[in-house]
Structures are given as C-alpha cells and as structure tokens.
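This is what each chain is made of:
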Amino acid sequence: MDRTAELDASVPGRSAAALARLLHRDCTRLLELYKERESFLSHHVPEGERLVTLALCPEALTTAEQVGHVRSALRRCKELLECLITREVEEMGKELEGEYESLRMTVKDRLGHFVHSTGALLENGEDGCPPSPNFECAEGQDEVEGSGSFAAKLWTYRVLLELIHWTDSACQTLHLFHTEKQGQQQLL
Amino acid sequence: MQVWLPLALLLSLGVTHSLGQNDLGELPVPRGLTLQSNLPEQTLFLTWASDSSHFDVEIFHTELMNVVLNETVAVQANPSTGQHGWSWHSPLPLECTSHSVHIRARNQQTVSQWSPFQTIPGSDIPEKAGSQMFPQDKMVAVGSNMTFCCIVGENKDFDRILYKGQEMSATRLSRRTYAISVTNQPPSGNTSTNVVCSSQRGILTGAVVFVGYPPGDESLVCETRDLTSAECSWKKGRDTHLRKKLSRTNYTLNGRDCLEANEGKIFRCNWTVWDGNWTLVARNPLGTVQLTDSARLTDRVHLLAPVNVTAVDVKAWNATLQWSWSVAAYKKLDMICQLRLTGHEQFITHNYSSMGLSSVVLEGLWPDVDYTVSVCCGSLHSFWKWGDENGPYRIHTKMDRPDSPDIWIWMDGENTGHVLWKPLSVMESHGALDGYEVSHSTAEEDRWTTVSLPRDDFSYPITLNNSSNITIAVAARNPAGLSQLSTMTAPVYRADSQVSVSELLGTDGGFNLSWQPYANASRGYVVEWVPSGCSDLCPVHWEKVPESNSSIKVQSVSLEAGVRYTISVYVLSAGAPVLLQRWHGYTQEMIPSQSVGELSANQVGPDVLLSWKAIAMEQQRGFIRGYTIYLANATRLELIGNMSDPKVRLYRVRSLSLGSYKFIVKAYTSAGEDTGSTVAIKLEMDTDMLVVGIVVSLGAMFCCLILISIFCYKKREWVNKAFYPKIPGPKVSGDWSSPQGPLDVKPSPHSLVHIEETPEWEFRKKVLVPVPEEEESENENIEADTDEPTFLRYYNQVVGDSSHSNHISDSSGSSAASVGSTQTEITYTGLQSPTSSQGAYGGGGYKPQMQSAAGPAEPQLEFVPDFQEESLNMGYKPQCSRQFDSPDVGNISGSLGSPTSVTSSQFLLPESSEEKPQPSNTWFHNLLSGKS
C-alpha cells in the first residue's frame with residue numbers, strides 16, 4: 001500500500017490533477033455565490049460561442065497535447081478573471097470583502113499556479129499550441145449585447161462558466177495524463 | 001320693412017369680419033423647426049423662428065403615430081437670435097423609439113398651419129438590429145417613478161420584462177419596442193436593481209438602476225485634542241444603498257476633501273487649525289447635505305489619555321498615583337481628573353483638579369486588596385467631556401493588623417460550652433490570616449492560658465468549674481500582627497425547661513424579634529439562634545445588638561424553612577451574659593416530613609381505639625397543631641376526627657359494625673397535613689363474651705330444669721293427678737261392636753270437637769280439635785263460605801249438663817239453628833287430633849275416644865266398611881269418610897261457620913299419646929285453683 005502511494009506520488013501530473021479538481025470546485029462555488037448575488041442568472045443559458053476558444057491549436061491527438069490545450073484555455077481564463085476583478089474593483093471599490101470577493105482572488109492565484117505547474121509538465125515540448133496573443137480587457141465584452149452594468153454582469157457570468165468548463169476539462173485530461181504516466185512507470 | 005334693412009347690413013358685416021379671422025393664411029407657419037436631444041436627461045429641445053408668441057406643439061411616437069404631447073405653449077423669441085426655444089422632458093428614454101414633432105403658431109383662436117414633422121430617431125430603427133434596453137445605469141431616489149423600454153432585436157420575439165424579478169405589464173411603443181413603468185421604487189439591494197427583458201428562449205437584454213437615498217449625515221461636532229487643531233466628526237445617516245464607488249457620499253469640510261471619510265471607514269475630518277466655524281458638505285448623485293458647527297477652542301477641549309501611569313507609594317490604606325501628558329500644552333490647562341477604582345467588589349470614583357494635574361493620593365483604600373485604577377481628565381473650565389481613559393492599572397495595598405473577631409460563647413450544658421467567633425472578611429482581616437489565639441482565665445486564676453488555633457478553626461470548647469466563671473479572649477493574627485482581643489465571660493446555661501419559651505413564627509424568611517429593654521445592658525444584647533435539639537457540631541449563629549435597640553430582624557442565609565430554631569436574647573454587661581428571653585420558632589412552617597409513628601388500632605367492643613406516637617421534632621417542620629383521623633373508603637377519605645390538642649394521641653372510633661376498616665392519622669401544621677400513617681383493623685365478634693353468654697344461658701337453663709325437677713318431684717302426686725288421672729275401666733253395655741242406631745249428630749266435615757264431661761271436674765271445659773289441613777284442602781268450596789281461618793277451625797260449644805242431651809238430639813236435623821250464634825262461651829281445654837276424633841260415640845256413659853291400644857286395628861277395619869255402607873242412614877259419621885259429593889253436603893255447608901255444640905267433660909287424651917303437648921292452661925289453671 002505504501003509502495004503504491006509512493007509510486008503514485010512520484011508520477012508526473014498528480015498534483016496538477018489535484019489542483020485542477022480543487023479549481024473546479026472553487027469555480028463552481030464562485031458561480032454559486034455570483035448567482036446568489038444576481039438571482040436573475042439562476043437559469044440563464046448564454047447563447048453564442050464560448051468566450052475562450054482555441055482555434056489556433058489543432059485538435060489534440062495525444063494526452064500531453066490535450067494538457068497543453070487546457071493549459072492554454074485556463075491561461076486565457078485567468079486573464080479574463082483578472083480583467084473581471086479589475087472591473088469590479090473599479091466599480092465597487094475594495095470595501096466589499098465577502099466570500100465571493102475572497103474566492104475570486106483565490107481562484108486567480110490557483111489558476112496561476114496551475115498554469116505554472118502544467119507548464120513544468122510540458123517542458124519537453126509536448127505543448128503543441130502556439131502561444132496565445134496578449135489579451136485586452138476590452139476584448140470579449142463586445143460579444144455581450146448591450147452595455148453598462150447589466151452587460152458586465154452577463155459577461156461576468158460567462159467568464160465564470162468558462163472557468164467551470166475549462167477546469168473540468170483540465171481535471172479529466174490530467175487524470176488521463178496521470179493514469180498514462182503511472183502505467184508507463186509500472187511497465188518500467 | 002325699413003327697420004330690417006340696417007339690421008341685415010350689420011349682420012352681413014359681422015359675418016364678413018369673422019370669416020376674415022378664420023382665414024388660415026393670416027398666421028405664418030413657424031419656420032426652421034429643429035430638434036436636439038439630451039438622451040441622459042431624456043430631454044428634447046425645440047428651436048424655430050416665428051413672429052407669434054403662442055404655439056401648439058404635438059409630439060408623436062413616430063412609428064405608430066401615438067400622440068405623446070399636445071400642448072399650447074407661450075414662447076417668446078430670443079431677442080438676440082430671434083429664435084424660439086422650448087424643451088420637453090420625456091418620461092420615456094428618447095432612445096426607446098423615434099419621436100416626431102410639429103408646431104403651429106396660435107393667436108387666440110387663430111392658428112397657422114402645422115410645420116413639417118421633424119423626427120429624432122430612436123434606437124429601434126432597422127439599422128440597430130440588436131436588443132437594447134433603456135435607460136442604462138440610471139441612479140434615482142427611492143420612491144421615484146421610471147419607464148424602461150426594451151428594444152427587441154430583429155427576428156427575436158418578446159416575452160416579458162422583469163423588474164427586480166417581478167414581471168411587469170409591458171406596453172408596445174413600436175414594432176420592436178416595449179415599455180414598462182415602475183412607480184415608487186424601493187432601494188436597491190447589494191449592487192443594483194436588475195431589469196431584464198426576455199424572450200421565450202432566454203434573456204435578450206437588460207439594464208440596471210441604482211435606487212438609493214441622498215446623504216443623511218447629521219450632528220457635526222468639532223473639538224480639539226491638542227489645544228491647537230480641530231477634529232470634526234458627525235453621525236452617518238441612513239444607508240444610501242448606493243454601492244458603486246462613484247456614487248458613494250463625498251465629504252468636504254470647509255471646502256477640503258475629507259479623505260478618511262471618503263474611504264467610507266470613519267466619519268471624521270481633521271483640521272489643522274481651529275477656525276471656529278466649520279461646514280461639512282456631504283454629497284452623492286442623489287443629493288447634498290450641509291452641516292455646520294461653531295465653537296470656541298476652550299469650550300471643546302477633549303483631552304487625550306494620560307500616559308505612564310504608575311503607583312509610586314502604595315500603603316495599606318492609601319496610594320499615590322502619578323502620570324504624564326503627551327501634549328505639553330496640557331500642563332497649563334486647568335483640568336479635572338477622575339480616578340475610578342474597582343476593588344473588592346466596589347466601584348469608587350475620586351475627582352481631583354489642578355493645573356496640569358499629574359499626581360494624586362488615593363485615600364480610602366483597604367489593606368491587602370487588589371485595585372484597578374483608570375484615569376481620565378477634562379478641562380476644568382467650560383467642561384466639555386471626559387477625555388480618553390487610560391488603564392486600567394493594578395494596585396495592591398499592603399497588609400495591616402486584623403480587626404478583633406466577633407466572639408460568642410454558646411453553652412450546651414451546665415459546665416460545657418464553645419467559644420465561637422465569626423470568620424473575618426477580607427475587609428476585616430486586612431491580610432491573609434495565620435490563625436487565632438484563644439486565651440481563657442477564671443476568677444481564681446490570675447493568669448491567662450493561651451491556645452493558638454489555625455485559621456480554619458472558628459470554635460474552641462471550654463469546660464467550666466462549678467466554682468467560678470470563665471472569661472475568654474480571642475485575637476486574630478496575620479503577617480502584619482495580632483488583632484485586639486475580644487473578651488467575653490461564659491453565660492450561665494439555661495435549659496428550655498428552666499425558662500419560659502414562646503413560640504415564634506418568622507416572616508419573609510427571618511424572625512422579627514423584640515424584647516423589653518434591659519436596664520443593665522451596657523454592652524448591648526446578643527441574639528443567638530441555633531437549631532433546636534441540636535447537639536455537638538451545631539450551627540450556632542448570633543448577632544450583636546446595640547444597647548439602644550431592643551428589636552432586630554434576624555435575616556440570615558443560615559435560616560432554613562421547616563427547621564425549628566431556639567432563639568435566645570442575652571444581655572451583655574460587665575459580667576457574664578444573662579439570658580433575657582427565649583423562643584422556639586420557624587422561619588416558615590412546612591408540612592411534617594414524616595407521619596406519626598407506631599400507629600395502632602385496637603378493638604374495644606364495637607369501638608376502635610387508635611393510638612400513635614408523636615413525630616420527632618426534626619421531622620415536624622412546624623408546630624404540630626393537631627391530628628386528623630380519616631376513615632379510608634374505597635375511593636375517598638372520610639374525616640372522622642380532628643384533634644386540635646397535639647398532646648392527645650388517642651382516639652376512639654365508636655360503634656363500628658363488624659368488618660374491615662382502614663384508618664389514616666395525619667399530623668398537621670399551619671402549612672398543612674403530612675401524608676399520614678395508615679392502620680387497618682378487622683372488627684370481629686367478641687368470642688370471649690360469646691362464650692360467656694352461652695355458658696351463662698346454659699347455666700340458667702340448667703338451674704331452671706333443676707328447679708322444675710325439684711318442683712315436680714315435690715309435687716309429683718299432684719302432677720300425676722293433673723296429667724295422668726286414673727282412667728276408669730270401660731263399661732260396655734250392649735253390643736259394642738254394632739252401632740246402636742243412627743246418631744243424630746252431624747259433625748262438621750272439617751273437624752270435630754268432642755267434649756265429654758268428666759265427672760271429677762267441676763268446671764266446664766271446652767275442647768278444641770284442630771282440623772287437619774288435608775281435609776281443608778278437600779273442602780275448598782266450604783271454606784269459601786266461612787269466616788273462620790282456613791288452617792284451623794273450631795267448633796265451639798258450651799259444655800253443660802243440661803244441654804248435653806238436647807244438643808245431641810237437636811243437632812241431628814237442625815244444625816242450622818245454631819248458625820250465627822255468638823253467645824257461645826268457649827273454654828279451650830284440649831285439642832283432639834282428627835284421628836282420635838274418629839272415635840264414635842254411642843249413647844250416654846263413658847266412651848273411649850280412641851280405639852284401645854290393645855286392638856285398635858280390628859274395630860277400625862270393621863267399623864269403616866259399616867260406616868260406608870250405612871252412612872246415609874246413620875247419624876254418626878266418621879270425619880275422615882265424608883263424601884263431598886253426597887247429598888248431605890248441602891246440609892254440611894249449611895252449618896259451616898257455626899259452632900257445633902258437643903258435650904264433653906273429659907280430656908280427649910289418647911292413652912298412648914303422652915308425648916302430645918298438653919295445653920298449659922289446664923294444669924296451670926288447676927295449680928292456681930289449688931287442686932291437687
């Protein structure tokens with residue numbers, strides 16, 4: 001049992017998978033908190049394309065490439081979240097210090113850690129996706145119809161949905177990645 | 001005719017003139033109408049050129065040409081430009097749909113033609129195909145009304161508009177525009193109020209509105225802390241509900257921004273110099289509040305807290321406290337300082353005043369006590385408020401010698417007692433006690449014997465010699481020294497039996513005592529109370545009363561309800577305490593905790609005697625006022641006795657019938673009865689008395705029999721004559737076996753009474769013969785005609801010598817002649833059985849009434865057939881052989897109820913019937929008459 005645990009701990013991707021699961025749970029909770037604040041979003045299903053699309057990255061063939069894929073998506077999600085935080089702080093100030101405000105900072109920090117840790121996994125060049133272009137906060141918001149605070153709320157909602165989607169993808173991909181690596185080590 | 005012509009002319013002129021004013025061409029159409037819109041303000045500004053000053057204005061929603069405004073306005077031309085200008089505030093955001101305007105000039109009733117339409121396009125034009133809602137991010141006051149419009153995107157359907165989650169009634173303004181109106185808006189929640197426009201598929205668009213209040217701040221007050229600058233503070237008003245950073249309240253004091261306050265954390269603004277007048281402006285997008293304050297610096301001194309507070313000289317009863325000031329200017333300020341001490345469950349404040357006060361001596365402290373001290377100061381002149389408080393600081397005072405203890409001597413016997421003293425409180429001990437020293441001496445001994453006791457001891461046993469008193473002295477010791485001595489001489493022991501003891505009932509958990517003042521009570525009195533009946537380690541309490549008082553309320557936590565206390569008042573003087581008065585009392589009486597003991601029930605004849613023992617004093621819990629006796633039935637208790645004298649513990653329940661009984665005896669106090677003791681008893685016949693009765697009865701009977709036997713023996717000759725007379729031999733004349741002829745006697749079919757005359761008897765006798773019931777049952781018809789009892793019928797006949805023969809001869813054929821006779825004198829001399837009555841009587845002379853014992857069977861056998869054969873002809877008929885269906889029944893019935901006279905002078909005693917009971921009146925009568 002101990003041997004299995006040691007072997008499991010030494011397999012690459014294990015901590016990243018755990019971090020992805022944690023992120024997914026945090027993002028789900030973050031969306032719940034936002035829905036409590038903006039109840040009109042309770043049953044809202046946004047139309048249109050995703051905010052985060054990786055058209056430049058070809059369809060991933062290997063698990064490692066899939067890891068690189070979700071890493072790029074979550075990096076973009078992190079940028080979107082930073083933009084969201086900046087906008088909310090500008091609008092509401094820093095006085096609001098509820099669970100939502102603290103959790104969004106936690107998610108941002110963990111996303112940075114996730115991007116860093118998955119980048120270390122892919123140091124051997126398995127990341128086949130080209131680097132994403134720099135993101136500007138103004139981008140993306142045009143995709144939401146209307147303007148003003150209401151549009152910002154819809155956009156925030158979509159950003160949070162993107163976070164949940166891509167952290168879920170990261171969980172699955174990293175689990176697969178971890179399983180494959182574990183199998184390879186056992187064969188060795 | 002000439003009159004009508006001028007009138008017609010005037011009318012025609014008038015008509016012609018009026019037609020000229022209605023000419024539309026006379027007023028020029030306004031020129032150059034232009035529209036300018038202020039979208040955030042929802043205002044439309046119209047300009048045009050015209051010579052008129054009054055205009056009709058019409059505004060339409062362009063698409064559906066709904067009239068929004070139709071109004072006549074007076075607008076003067078701008079002298080410099082010559083243009084007319086007029087603005088209109090739209091309740092609907094101008095973006096919602098296109099608006100078209102035209103005007104015309106008016107001069108009273110004269111109007112020009114309408115100007116061409118001018119249109120300001122809305123956002124619902126085809127070029128803007130997306131969904132939109134207006135207004136966006138508007139900020140309004142609570143209670144205001146608003147109209148929102150939703151422009152549905154091209155090729156999208158409209159479903160509803162929700163305001164704060166509630167569906168509102170929408171009005172269609174154009175092909176794509178729908179509007180709702182909201183009145184009296186409530187304040188927004190955490191962020192804003194959402195207005196959502198939805199299609200069937202989901203959210204199309206939306207807007208938020210910030211609904212809140214203008215600033216509500218109040219009470220601006222400025223004061224100085226350093227005698228130079230100003231510090232202004234105010235109370236924050238109600239929540240504005242405006243959360244956006246840019247819509248929060250902004251504060252300026254005398255025109256300068258209050259940065260601290262604008263961050264929303266504190267509501268204070270500092271000013272470097274004392275201006276004397278201040279104006280605070282609080283502003284948010286919904287309104288402005290202006291607060292002012294004005295004061296002199298010396299009137300608004302709010303001192304800072306002193307620093308470096310230290311206790312420099314702490315003693316047992318006082319301490320010196322020093323501090324310093326962080327502001328040098330305070331040293332020249334006349335100030336008042338308040339020191340607040342908290343120690344030993346006390347809160348004390350001391351005020352001190354002086355210029356630049358920085359040291360005080362705290363008086364009134366107690367030794368060996370922990371105090372906490374806090375200091376705050378204020379301006380002595382024009383006092384504004386106490387300054388900031390420092391501390392608290394801790395001070396512990398030094399120890400001092402303890403107070404002398406309060407002692408008492410409790411005597412529990414003639415020569416034994418205990419010296420008692422009360423524990424010293426912290427206020428009395430002045431430090432942790434080490435112990436006590438108890439000294440005692442007698443009158444004979446001119447020296448003190450001292451004993452040291454630990455601090456946990458509060459009593460010391462003493463033994464008195466019969467010869468002299470003993471004097472006790474007690475002192476307490478702590479590290480600071482020994483207290484003064486408390487001395488007392490042992491009082492004389494007085495048992496309850498030696499003094500008069502009164503009953504006492506408490507009030508409110510205590511005892512109200514009063515006594516006659518005693519002249520020699522130079523040192524006052526001592527009230528002592530102890531649980532009655534207590535021995536050894538008794539909780540003895542006492543209270544000393546000054547000599548000026550002769551009453552006290554004993555109120556102590558040591559007093560318990562339901563416990564009997566012995567309360568004694570002693571007089572304190574130079575010598576030994578003297579008992580003045582004593583009571584037994586309860587602070588509160590309760591019902592006895594235990595029932596009476598040893599309850600027994602004893603049967604005394606038909607009575608039951610109940611007896612029991614008294615309840616022990618500890619269990620009485622009140623003065624026993626008496627006992628109640630109950631008889632327990634199946635379902636309830638029946639009170640049968642109430643004994644109000646508690647000393648009587650016997651009760652007799654009288655006259656009870658035999659059976660089982662259950663008695664309950666309850667003792668009661670003023671609080672009520674106890675649960676009761678139960679005893680059961682079964683009342684039975686008194687066997688001893690029964691045996692005695694039987695024996696006595698038997699003895700009496702035996703004696704009677706002996707007496708009768710003796711009497712009979714003595715009078716045996718007479719008895720023999722009276723009961724067994726000599727019977728002469730029968731004289732048979734003629735043929736005994738055959739009847740002499742028919743007898744003219746018809747005895748009653750019921751019974752026959754044969755009365756024969758005995759020559760020896762001188763008095764006449766009447767003999768009754770009972771009729772057998774068998775015969776009666778056979779003669780029911782006859783019985784129905786008689787008044788005689790059915791079970792016994794007598795034929796009475798006066799027995800007489802003269803009537804004997806006549807009676808026989810007369811009764812044969814005319815028995816009816818005696819019916820109804822009431823003159824018959826009857827003497828009952830004997831009863832003859834039916835069997836014996838069957839004996840036939842022939843003519844005169846003695847004839848045996850029964851067949852002889854020697855041969856009764858044969859004559860009877862012979863006789864019955866003869867009788868049956870000759871019954872119709874013979875006068876004599878056996879009683880047992882009567883036939884009711886015979887023709888003679890009628891005659892028999894005719895004699896029913898009438899006595900039949902039968903002559904008899906002899907007892908109808910059969911020879912063999914000695915066991916038959918004889919009528920007692922016969923021999924008794926003879927006895928009385930002196931016959932032997």
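Everything numeric in this text was worked out from a predicted model, so none of it was measured. (Residues numbered from 1 in each chain as written. Chains lettered and ligands numbered in written order. Predicted model: local features only at pLDDT ≥ 70, side-chain atom pairs only at ≥ 80, totals over all residues. Heavy atoms only, no water.)

Details of the overall build of chain B
Argument step 1. Check the secondary structure of chain B and you find 13 helices and 57 strands.
Argument step 2. Evaluated residue by residue, chain B yields a buried proportion of 42% over its 932 residues. (Helix = DSSP H or I, 4+ residues; strand = E, 2+ residues; numbered from the N terminus. Buried < 20%, exposed > 50% of the residue type's maximum accessible area, 1.4 Å probe, protein only.)

Details of the overall build of chain A
Argument step 1. The number of helices and strands found in chain A is five helices and zero strands.
Argument step 2. Among the 188 residues that make up chain A, the fraction classed as buried is 45%.
Argument step 3. Within chain A, contacts between residues separated by at least 24 positions form 87% of all contacts whose residues are at least 6 apart in sequence.
Argument step 4. Accessible area for chain A stands at about 9,900 Å²; split by element, carbon and sulfur atoms hold 51% of it. (Contact = heavy atoms within 4.5 Å. Areas by Shrake-Rupley, 256 points an atom, 1.4 Å probe, with all protein chains shown as cover.)

Points about the nonpolar core
Here is a general trend for soluble globular proteins: nonpolar side chains tend to be buried in one another's company.
Argument step 1. Core analysis: the biggest nonpolar cluster contains 52 residues, and Val107, Phe114, Leu163 and Leu174 of chain A have the highest contact counts within it.
Argument step 2. If you list the elements that add at least two residues to this core, you get helix H2 (14-37), helix H3 (63-92), helix H4 (99-121) and helix H5 (148-187) of chain A together with strand E17 (203-212) of chain B.
Argument step 3. Sorting elements by how many residues they give to this core places H5 of chain A first, with 13 residues.
Argument step 4. Those residues within four positions of Phe114 of chain A in sequence are excluded, and the remaining contacts are Ala16, Leu19, Ala20, Leu23, Leu74, Ala170 and Leu174 of chain A.
Argument step 5. By size, the runner-up hydrophobic cluster in this structure holds 30 residues, among which are Ile407, Val530, Trp542 and Tyr570 of chain B. (Core = buried A, V, L, I, M, F, W, Y, C linked by side-chain atoms within 4.5 Å.)

So, the pattern of salt bridges
Argument step 1. For the coordinates displayed, the defined rule picks out 31 salt bridges over all chains.
Argument step 2. Of the charged contacts in the structure, one is a salt bridge between Glu101 of chain A and Arg37 of chain A, with a shortest N-O distance of 2.5 Å. With a gap of 64 residues between them, Glu101 of chain A in helix H4 and Arg37 of chain A in helix H2 connect regions that are remote in the sequence.
Argument step 3. The class for Arg37 of chain A is partly exposed, based on a relative accessible area of 26%.
Argument step 4. We note a salt bridge from Arg625 of chain B to Glu503 of chain B, for which the minimum N-O separation is 3.2 Å. Of the two residues, Arg625 of chain B is situated in the loop between helix H4 (617-620) and strand E49 (626-632) and Glu503 of chain B in strand E40 (residues 501-505); the sequence distance between them amounts to 122 residues.
Argument step 5. The exposure class assigned to Arg625 of chain B is partly exposed, which follows from its relative accessible area of 29%.
Argument step 6. Three or more residues are tied together by salt bridges with common partners; here these are Arg29, Glu32 and Glu99 of chain A. (Salt bridge = Lys/Arg side-chain N within 4 Å of Asp/Glu carboxyl O.)

Topic: the packing of H3 of chain A against H4 of chain A
Residues and elements named next belong to chain A.
Argument step 1. Interhelical geometry of H3 versus H4 gives an angle of 155 degrees and a closest axis separation of 10 Å. In terms of their interaxial angle, H3 and H4 are classed as roughly antiparallel. When you trace H3 past H4, the crossing you get is left-handed. Across the interface between the two elements, Arg71, Leu74, Arg75, Cys77, Lys78, Leu81, Glu82, Leu84, Ile85, Glu88 and Val89 from H3 touch Tyr100, Arg104, Met105, Val107, Lys108, Leu111, Gly112, Phe114, Val115, Thr118 and Gly119 from H4.
Argument step 2. Among the residues forming the contact of H3 with H4, the class breakdown is 12 nonpolar, three polar and seven charged. (Axes fitted to C-alpha atoms, helices over the stretch in contact; angles between N-to-C directions. Parallel < 35°, antiparallel > 145°, perpendicular 65-115°, else oblique. Left-handed = near helix turned anticlockwise from the far one by under 90°. Nonpolar A, V, L, I, M, F, W, Y, C, P; charged D, E, K, R; others polar.)

Remarks on the sheet that holds strand E32 (residues 407-411) of chain B
Residues and elements named next belong to chain B.
Argument step 1. With antiparallel pairing, three strands are arranged side by side in an open sheet as E32-E33-E36. Of all strands in the sheet, those with a lone pairing partner are E32 and strand E36 (459-463), marking the two edges. Strand-to-strand, the axes of this sheet are offset by a mean angle of 25 degrees, without reference to chain direction. (Pairing = 2+ DSSP bridges.)

Description of the state of the cysteines
All names here are of chain B.
Argument step 1. Counting across every chain of the model gives six disulfides over all chains.
Argument step 2. Between the sulfur atoms of Cys150 and its disulfide mate Cys197 the distance is 1.9 Å. An S-S torsion of about -80 degrees defines the bridge between Cys150 and Cys197 as left-handed. You can see Cys150 sitting in strand E11 (residues 146-151) and its partner Cys197 sitting in strand E16 (residues 193-198), a full 47 residues away along the chain.
Argument step 3. In this structure Cys197 comes out as buried when scored by relative accessible area, which is 0%.
Argument step 4. Shown here is the disulfide that connects Cys337 with Cys377, its sulfur atoms set 1.9 Å apart. (Disulfide = S-S within 2.5 Å.)

Focus: the packing of H2 of chain A against H4 of chain A
Residue and element names in this part refer to chain A.
Argument step 1. In the contact formed by H2 and H4, the axes pass within 9 Å of each other and the chain directions differ by 155 degrees. Between H2 and H4, the interaxial angle falls into the category roughly antiparallel. Here the hand of the crossing between H2 and H4 comes out left-handed.
Argument step 2. For the contact of H2 with H4, the per-class residue count stands at 15 nonpolar, four polar and seven charged.

Focus: the packing of aromatic side chains
Residues and elements named next belong to chain B.
Argument step 1. The tally for this structure, following the rule as stated, stands at 22 aromatic pairs over all chains.
Argument step 2. Ring centres 5.3 Å apart and planes at 50 degrees place the aromatic pair Trp421 and Tyr436 in the tilted group. Here Trp421 is found in strand E33 (residues 416-421), whereas its partner Tyr436 is found in strand E34 (residues 435-442), with 15 residues between them in sequence.
Argument step 3. For Tyr436, a relative accessible area of 2% puts it in the buried group.
Argument step 4. Their ring planes at 20 degrees and their centres at 6.2 Å tell us that Tyr661 and Phe663 sit as a pair that is stacked.
Argument step 5. We classify Tyr661 as buried; its relative accessible area is 15%.
Argument step 6. Among the aromatic residues, those joined into a ring-pair cluster are Trp234, Tyr251 and Phe267. (Phe/Tyr/Trp six-rings, centres within 6.5 Å; stacked < 30°, edge-to-face > 60°.)

Overview of the confidence of the model for chain B
Residues and elements named next belong to chain B.
Argument step 1. Per-residue pLDDT for chain B averages 78, and the proportion of residues at 70 or more is 75%.
Argument step 2. Below pLDDT 50 for its whole length, residues 1-24 participates in four contacts with residues either more than four positions away or in separate chains.
Argument step 3. Every residue in residues 927-932 scores below 50 in pLDDT, and together they form seven contacts with partners more than four places removed in sequence or on other chains.
Argument step 4. Among the prediction metrics, the complex's ipTM stands at 0.85, with pTM recorded as 0.55. (pLDDT = per-residue confidence, 0-100.)

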